[in-house]
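Residues per chain, in single letters:
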Amino acid sequence: MRIIVADNYKELSRWSAQFVAGLIRGKPNCVLGLPTGSTPIGIYSELVQLYEQGLDLRYTETFNLDEYVGLPPSHPQSYHSFMQEHLFRHIDHPSSHYHIPDGMAADLEGECQRYEEMILAAGGIDLMVLGLGPNGHIGFNEPDSHLGTKTHVVSLTRETIQANARFFREEKEVPRKAITMGVGSIMQAQEILLVVSGTGKREMLRQALFGEVTTRIPASILQLHPHIVVVTDFSLEPLG
Ligand code: F6R
């Protein structure tokens, strides 16, 4: 495991974007797994700048980790809208090359299976970029006694609903379910880039990286991945 401690959020974003760009330059048709949320906004903005300076993203295929169930792509809080706003509308990237689960599918189980098959057909994920939930979730794999391995439908925990309420007018508008890649889909990536910003997540990150591997902290499973890079904007030393 490689741990990079950046001086601040800007540096964390710049370093992470350069890391992603390095892969794209070496393998233009690489397959990326991408997160939404607050953490990657700076990375996407840096990637857009790199694109403006000549980074060619036309051949890169992207798979988002998750999407809410019940929000149409046009909903401002859907992850489809998020990706358009922060990345896709700024770059030359054919829409056939980006994939986000369809949370409006009539057959959600079928949609999960279709998504897994598409990842396989693309040759699997080269680099999975992840954020860390305050409760240790990755994607929407919530702490539980067991974890789904493949792409599946999950019920969001109260903690995640509360944490994500900041993006909605009211907490009750936050969808209760989502489609997420499973921990198996995530762990099958060739390489993982876990990006964590803000000292509020320090203890959770410490437990995930150095504590027991447990389904109660889904991110702890990442300890078992052979190629993981962690980027933070805070020191991992314990407080006090
Ligand atoms: C989003 C996702 C989530 C977030 C996590 C952290 O696609 O998969 O696991 O990465 O909830 O979110 P932020 O960055 O908003 O703290």
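The structure displayed is predicted, hence computed values, not measured ones. (Residues numbered from 1 in each chain as written. Predicted model: local features only at pLDDT ≥ 70, side-chain atom pairs only at ≥ 80, totals over all residues. Heavy atoms only, no water.)

### Details of the site of the ligand
Inspection of the region around the ligand gives 14 residues, with Thr39, Asp66, His137, Gly139 and Lys201 positioned closest. Between the ligand and Gly139 there is a distance of 2.7 Å, counted from an oxygen atom to a backbone nitrogen or oxygen. One of the side-chain nitrogen or oxygen atoms of Arg166 is found 2.8 Å away from an oxygen atom of the ligand. Protein chains shield 94% of the accessible area of the ligand, which is 410 Å² for the free molecule. For the shell around the ligand, the per-class residue count stands at 3 nonpolar, 8 polar and 3 charged. (Near = heavy atom within 4 Å. Polar contact = N/O pair within 3.5 Å; in protein donor to acceptor, adjacent residues only side chain to side chain. Areas by Shrake-Rupley, 256 points an atom, 1.4 Å probe, with all protein chains shown as cover. Nonpolar A, V, L, I, M, F, W, Y, C, P; charged D, E, K, R; others polar.)

### Some thoughts on the pairing of strand β9 (residues 191-196)
Taken across its 6 residues, β9 has 5 buried, putting it largely inside the fold. Here strand β6 (residues 127-130) pairs with β9 via 4 bridges, running parallel. Bridging across to β9, Leu127 finds its partner in Glu191. As paired elements, β9 and strand β10 (residues 228-232) share 5 bridges and run parallel to each other. When the sheet's bridge partners are listed, Leu194 is paired in β10 with Val230. Crossover β9 to β10 through helix α7 (residues 202-210) is right-handed. (Buried < 20%, exposed > 50% of the residue type's maximum accessible area, 1.4 Å probe, protein only. Helix = DSSP H or I, 4+ residues; strand = E, 2+ residues; numbered from the N terminus. Pairing = 2+ DSSP bridges. Right-handed = clockwise from strand over helix to strand, strands pointing away.)

### Description of the packing of aromatic side chains
Enumeration over the complete set of coordinates arrives at 8 aromatic pairs. Between Trp15 and Phe19 the ring centres are 5.3 Å apart and the planes differ by 20 degrees, which places this aromatic pair in the stacked class. Here Phe19 and Trp15 lie together in helix α1 (residues 9-26), a separation of 4 residues that amounts to about one turn. Overall, the relative accessible area of 25% leaves Trp15 in the partly exposed class. What makes Phe19 buried here is its relative accessible area of 19%. Geometrically, the ring pair formed by Tyr68 and Tyr79 is tilted, given 4.9 Å between the ring centres and 45 degrees between the ring planes. Of this pair, Tyr68 sits in strand β4 (residues 66-68) while Tyr79 sits in helix α3 (residues 79-86), placing them 11 residues apart in sequence. Neither residue differs from the other here; Tyr68 and Tyr79 are each classed as buried. Grouped by ring-pair contacts, the aromatic residues Tyr68, Tyr79, Phe140 and Phe168 constitute a single cluster. (Phe/Tyr/Trp six-rings, centres within 6.5 Å; stacked < 30°, edge-to-face > 60°.)

### Things to note about the sheet that holds β4
Strand order in the open sheet made by the 3 strands is β4-β8-β7, with antiparallel pairing throughout. At either end of the open sheet lies a strand with only one pairing partner, and these are β4 and β7 (152-155). Geometrically, the sheet is characterised by an average inter-axis angle of 25 degrees between neighbouring strands, direction not taken into account. Packing against the sheet, helix α4 (residues 108-121) makes contact with β7 and β8 (177-180), and its axis sits at approximately 125 degrees to β7. (Axes fitted to C-alpha atoms, helices over the stretch in contact; angles between N-to-C directions. Contact = heavy atoms within 4.5 Å.)

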